[in-house]
Amino acid sequence: MASPKDDFSRLEVQVPALSAIVPARNAALTLARCLDALVAQRSDDIEIIVVDDGSTDETSAIASRYDVRLLKLPRNMGPSAARNRGAQMTRAPVLFFIDADVELAPGALARAKALMSSGNASAIIGSYDDDPAAESTISRFKNLAHHHFHQRSRGDATTFWGACGLVRRETFLHLGGFDEQRLHIEDVELGYRMTRCGIRVVLDPELQVKHLKRWTLRSLIATDVWGRAIPWTLLWLEGRELPADLNFSADQRLAAAVAVAIAILTPIAIFRPQLWMLVAILVGAAIRLNRDLLRLLFKRGGVRLLINGFLLQQLYYLYSTFGVAAGIVIYFARSFTRRLHSGGDGGHD
């Protein structure tokens, strides 16, 4: 007959060493590939939790075909809430957040577990690979650009990445998890809180996932402006911290200034031909500043992707600059409104 001590030991063994948490919202097109890769790499001490964030498609039905824990939220609550609810379901000491539209590279799950076991960092993030699933020019450009900027980043990161990011559960809970009031860049904001508290976040370039998303020009611009540039600018102004890595590095800020100058001078040069030489010099500078990215685009897609990618990267600088400017305007407009309301309330005292 088993003793109470034996029962307790079995309970301890049942606590997973790592929990992979997959928030999913209308993810029927990609969830199967995501879970196929996860299940194929899972060991006995790893559990998988899928949080259906109020989907209206077959997301839950697909998840139920796999040996995973499925949590259905009663309504769409957003990726922050979905990740937080998934974290609350487990006692695992390590949480591995994975988006439903990515596919883990072979061996990535074992690598993630080993990296966290080394104790060198409280959080680790990966990157997209250099072979995105979608074949369209815009999709390949966007995903390869993301891969490039993560790969060239320094080892110690200042942000977190919810698509492929690990964090110790005690650290995550101590910080209060993801901010559920944020609709965008909630993972970046969590990373800022980590680094402010002295928590080390490491970017491991070998921890990779394949992005399964298909981008269009419309979704690209909308996401980069409204989902990234504006909220990132507001976060920067609120915290007075300008990021210095990824695509906020000094050379990328210079590249954005060059792109704006090219956009302004090119139409003027039509009527003032003497300016074409300056435009040519600026184009040369733009190529040099992004030579490593352009080399990757050529390697993965030849001359066509090289040329289209260069043009799309210049467009990215232009609309992102607009997004930063809009974020600054929104920030000061909000500050003025708050001061106005504060003064008005004070007048009634």
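Residues numbered from 1 in each chain as written. Predicted model: local features only at pLDDT ≥ 70, side-chain atom pairs only at ≥ 80, totals over all residues. Heavy atoms only, no water.

Novice: Tell me about helix α10 (residues 250-269), residues and numbers included.
Specialist: Counted at 1.5 Å a residue, the expected span for α10 with its 20 residues is 28 Å, and the 28 Å between its end C-alpha atoms agrees. Among the residues of α10, Gln252, Ala255, Ala256, Val258, Ala259, Ile262, Leu265 and Ala269 are the ones counted as buried. (Helix = DSSP H or I, 4+ residues; strand = E, 2+ residues; numbered from the N terminus. Expected span 1.5 Å × (residues − 1). Buried < 20%, exposed > 50% of the residue type's maximum accessible area, 1.4 Å probe, protein only.)

Novice: Let's hear about the pattern of salt bridges: which residues, and what values?
Specialist: One pass over the full model with this rule turns up 20 salt bridges. Between arginine 111 and aspartate 204 there is a salt bridge, with its nearest N and O atoms 2.7 Å apart. With arginine 111 in helix α5 (residues 108-117) and aspartate 204 in strand β9 (residues 201-211), this pair connects stretches of sequence that are 93 residues apart. The salt bridge involving aspartate 156 is made with arginine 200; its shortest N-O contact spans 2.9 Å. Taken together, the positions of aspartate 156 in strand β7 (residues 156-157) and arginine 200 in the loop between α8 (186-196) and β9 put the pair 44 residues apart, joining distant regions of the chain. Owing to a relative accessible area of 38%, aspartate 156 belongs among the partly exposed residues under this scheme. (Salt bridge = Lys/Arg side-chain N within 4 Å of Asp/Glu carboxyl O.)

Novice: How would you explain the packing of α8 against helix α9 (residues 217-239) if you had to name every residue and give the values?
Specialist: Two numbers describe how α8 lies on α9: the axes approach to 11 Å, and their chain directions differ by 25 degrees. The angle between the axes of α8 and α9 places the two elements in the roughly parallel class. In the packing of α8 onto α9, the handedness of the crossing is right-handed. For the pair α8 and α9, the contacting residues are Val188, Glu189, Tyr192 and Arg196 in the first and Trp232, Leu235 and Gly239 in the second. Across the contact of α8 with α9, the residue classes break down as 4 nonpolar, 1 polar and 2 charged. (Axes fitted to C-alpha atoms, helices over the stretch in contact; angles between N-to-C directions. Parallel < 35°, antiparallel > 145°, perpendicular 65-115°, else oblique. Left-handed = near helix turned anticlockwise from the far one by under 90°. Contact = heavy atoms within 4.5 Å. Nonpolar A, V, L, I, M, F, W, Y, C, P; charged D, E, K, R; others polar.)

Novice: Residue-level account of the side chain of aspartate 129, with values.
Specialist: Positionally, aspartate 129 belongs in the loop between β6 (123-128) and α6 (137-151). In terms of polar contacts, aspartate 129 uses its side chain to reach the backbone amide nitrogen of aspartate 131, at 3.1 Å. Here aspartate 129 is in contact with His147, Gln208, Val209 and Lys210, once residues within four sequence places are set aside. (Polar contact = N/O pair within 3.5 Å; in protein donor to acceptor, adjacent residues only side chain to side chain.)

Novice: Explain a nonpolar patch on the surface residue by residue, including any values.
Specialist: On the surface, Phe298, Val303, Ile307 and Leu311 cluster together to form a nonpolar patch covering roughly 390 Å² of accessible area. Inspection of the secondary structure assignment puts leucine 311 in helix α12 (residues 291-346). The class for leucine 311 is exposed, based on a relative accessible area of 52%. (Patch = residues over 30% accessible without salt bridge, like charges linked within 9 Å, V, L, I, M, F, W, Y side chains within 5 Å. Areas by Shrake-Rupley, 256 points an atom, 1.4 Å probe, with all protein chains shown as cover.)

Novice: Lay out the environment of glycine 177 in plain terms, naming residues and giving numbers.
Specialist: Following the sequence through the fold, glycine 177 ends up in the loop between α7 (169-174) and α8. Since its relative accessible area comes to 2%, glycine 177 is described here as buried. Put simply, glycine 177 and aspartate 187 are 10 residues apart on the chain and 9.6 Å apart in space, counted from C-alpha to C-alpha. For glycine 177, the residues in contact, after removing those within four places along its chain, are Asn84, Phe172, Leu190 and Arg193.

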